[in-house]
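Residue-level structure breakdown
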Amino acid sequence: MPTALTELSPHPIVQAPMAGGPSSPELAAAVSTAGGLGFLAAGYKTADGMYQEIQRVRGLTGRPFGVNLFMPQPELDDTAAVEVYREQLAGEATWYETALGDPHGPTDDGYEAKLAVLREDSVPVVSFTFGCPTAETVESLARVGTYTVVTVTTPAEARAAQDAGADAVCVQGVEAGGHQGTHRDDPQSDGTGAGLGLLALLAEVRETVRLPVIAAGGLMRGGQIAAVLAAGAACAQLGTAFLACPESGAHPLHKQALTDPRFTRTELTRAFSGRPARGLANRFLREHGPYAPAAYPAVHYLTSPVRKAAAAAGDPQAMNLWAGQGHRLARQLPAAELMEVLVAELTAARAASSPAGPAGPGTFGSAS
């Protein structure tokens, strides 16, 4: 098992865990085989479903890979806002000829059962989103040789991860697609000024903790990877860049929408899940985002049938089209080929910025 972040992969490129289907075993394996660090997303899966995907990755590659877990969320104290939102969504259910989902689903995402699997049959890396694991949990994974990473969106969250004994932090800028990995969902922080951009956040976190940093948020090109490495990150994590790969499990409509001229911008919204997440601005997001309550995962359960029915009907206007701010730079390349292009771009960017020449063909070099 790796003992340092730089031992996880030959190239400082991490494929972001994208829950809901995109992070397939085939994608994770292809990225790892090509010299990056592939990730499975265990969110929304059962413990057995996670285990089966781990076995599939092992059958496809001998390289290290990671598994991402969602932290348990608090129970809702007041469900009235969810019921009001249910009434607002009645027209969507009628239009797509489906019933709305039951918002009273589990809030722990099978966390303890998944941890039990990962302690019994360890994987090289486990990362955490929507909170910080306890020191006891981190220690239990360390005992089986697992490297731990905590997603953070503020310096305070990074400090909590360091105090818990995590091996590294994944610093997620506001540019990132999908859910913001905040440890506490505070609706008071919603708004156009919510969240820090990646470079500002990266600098603050590096002055706050001593942990290695994985930088995430809007990264689509090798030159951007070089920039965050120069700013002190050990690795760059890319999600939207891999979303369009044929190995990605994202719906074809989702992949097409990344570069579709009808979708010109992204927004942070609670419309689909009840937690802030960045997606392409479609009809559902525009009409319901302003009224969606801070109620994750209740809203996720509530809207799930509508999102699935829209996808089945070929209508991207009611799908959660998660995407980072750099989505229009997406390239529909096989994952291995995309890795080659990113490494070549990274090497060229390093060569251009260093009088002494490149650190090597995509290796970590001194920038880590």
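That block above? That's the structure.
Residues numbered from 1 in each chain as written. Predicted model: local features only at pLDDT ≥ 70, side-chain atom pairs only at ≥ 80, totals over all residues. Heavy atoms only, no water.

Relative to each other, helix H9 (residues 222–230) and helix H14 (residues 335–353) sit at 55°, their axes nearing to 7 Å. Taken together, H9 and H14 sit at an angle that is classed as oblique. With respect to the hand of their crossing, H9 and H14 are arranged in right-handed fashion. Residues Gly222, Gly223, Ile225, Ala226 and Leu229 of H9 lie in contact with H14, whose contacting residues are Leu342, Glu345, Leu346, Ala349 and Arg350. When its residues are assigned to classes, the contact of H9 with H14 shows 6 nonpolar, 2 polar and 2 charged. (Axes fitted to C-alpha atoms, helices over the stretch in contact; angles between N-to-C directions. Helix = DSSP H or I, 4+ residues; strand = E, 2+ residues; numbered from the N terminus. Parallel < 35°, antiparallel > 145°, perpendicular 65-115°, else oblique. Left-handed = near helix turned anticlockwise from the far one by under 90°. Contact = heavy atoms within 4.5 Å. Nonpolar A, V, L, I, M, F, W, Y, C, P; charged D, E, K, R; others polar.)

Once that is clear, we can look at the nonpolar core. Counting residues in hydrophobic clusters, the biggest one holds 94 residues, and the most contacted among them are Val67, Leu69, Phe128, Leu238 and Phe242. With 7 residues, the single largest contributor to this core is helix H13 (residues 298–312). Discounting chain neighbours no more than four positions away, the residues touching Phe242 are Ile13, Val14, Gln15, Leu27, Val31, Ser248, Ala335, Leu338, Met339 and Leu342. (Core = buried A, V, L, I, M, F, W, Y, C linked by side-chain atoms within 4.5 Å. Buried < 20%, exposed > 50% of the residue type's maximum accessible area, 1.4 Å probe, protein only.)

With that out of the way, let us pick up the sheet that holds strand S7 (residues 178–179). Within the open sheet, the 3 strands sit side by side as S7-S11-S10. Their pairing is antiparallel. The open sheet has two free edges, formed respectively by S7 and strand S10 (266–269), since each of these has just one partner strand. By the bridge criterion, 2 bridges tie S7 to strand S11 (residues 277–280) in an arrangement that is antiparallel. The residue of S11 that forms the bridge with His179 is Ala277. (Pairing = 2+ DSSP bridges.)

Turning our attention to H9. Taken together, the buried positions of H9 are occupied by Gly222, Ile225, Ala226, Val228 and Leu229. Down the axis of H9, the buried set is contained in an arc of 165°. They therefore lie on one face. On the buried face of H9, the contacting elements are strand S1 (13–15), helix H8 (198–206), strand S8 (213–216), strand S9 (235–238) and H14. Just past H9, the residue Gly232 takes up positive phi, approximately 115°. (Arc of directions from axis to C-beta.)

The strand order across the open sheet built from 8 strands is S1-S9-S8-S6-S5-S4-S3-S2, with neighbouring strands paired in parallel fashion. Either end of the sheet is taken by a strand with one partner, and the two such strands are S1 and strand S2 (38–41). Within this sheet the neighbouring strands show an average axis-to-axis angle of 25°, counted without direction. Where strand S3 (residues 65–70) and strand S4 (residues 125–129) come together, 5 bridges link them in parallel fashion.

Bringing the side chain of Thr269 into the picture now. Tracing the chain through its elements places Thr269 in strand S10. Here Ala271 takes part through its backbone nitrogen, which lies 3.0 Å from a polar atom of the side chain of Thr269. If we skip the residues at most four places from it in the chain, Thr269 touches Arg275, Pro276, Ala277, Leu285, Gly289 and Trp322. (Polar contact = N/O pair within 3.5 Å; in protein donor to acceptor, adjacent residues only side chain to side chain.)

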